[in-house]
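If you want the building blocks of each chain, they are given just below.
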Amino acid sequence: MAGSTHIPLGQLAARAFELDRGRPVITVCRSGGRSSQAAQSLAAQGYDVADLAGA
């Protein structure tokens, strides 16, 4: 999707700085497991985040 930033879960800790803290973040993965982990990690860092599971 245009304007999206693809960051694999294994790279999230090193690349979270690429995300704009002033905008909501939506995490996505096919089964919902990785996106849920990413959402929890980002929320703990103060991001406004929602998980779009099973997309």
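Quick caveat: nothing in here was measured; it's all calculated off a predicted structure.

Scoring rules and cut-offs
Residues numbered from 1 in each chain as written. Predicted model: local features only at pLDDT ≥ 70, side-chain atom pairs only at ≥ 80, totals over all residues. Heavy atoms only, no water. Helix = DSSP H or I, 4+ residues; strand = E, 2+ residues; numbered from the N terminus. Expected span 1.5 Å × (residues − 1). Buried < 20%, exposed > 50% of the residue type's maximum accessible area, 1.4 Å probe, protein only. Arc of directions from axis to C-beta.

(A) How the structure looks around helix α2 (residues 33-44). Between the first and last C-alpha of α2 there are 17 Å, a value that for twelve residues agrees with the 16 Å anticipated at 1.5 Å per step. Three or more residues of α2 are buried, namely Ser35, Ala38, Ala39 and Leu42. Looking straight down α2, one finds that the buried residues subtend no more than 100° of arc, so they occupy a single side. In this structure, α2 carries Gln40 and Ala44 as exposed residues pointing more than 90 degrees from its buried face. Looking one or two residues beyond α2, the residue adopting positive phi is glycine 46, at roughly 95°.

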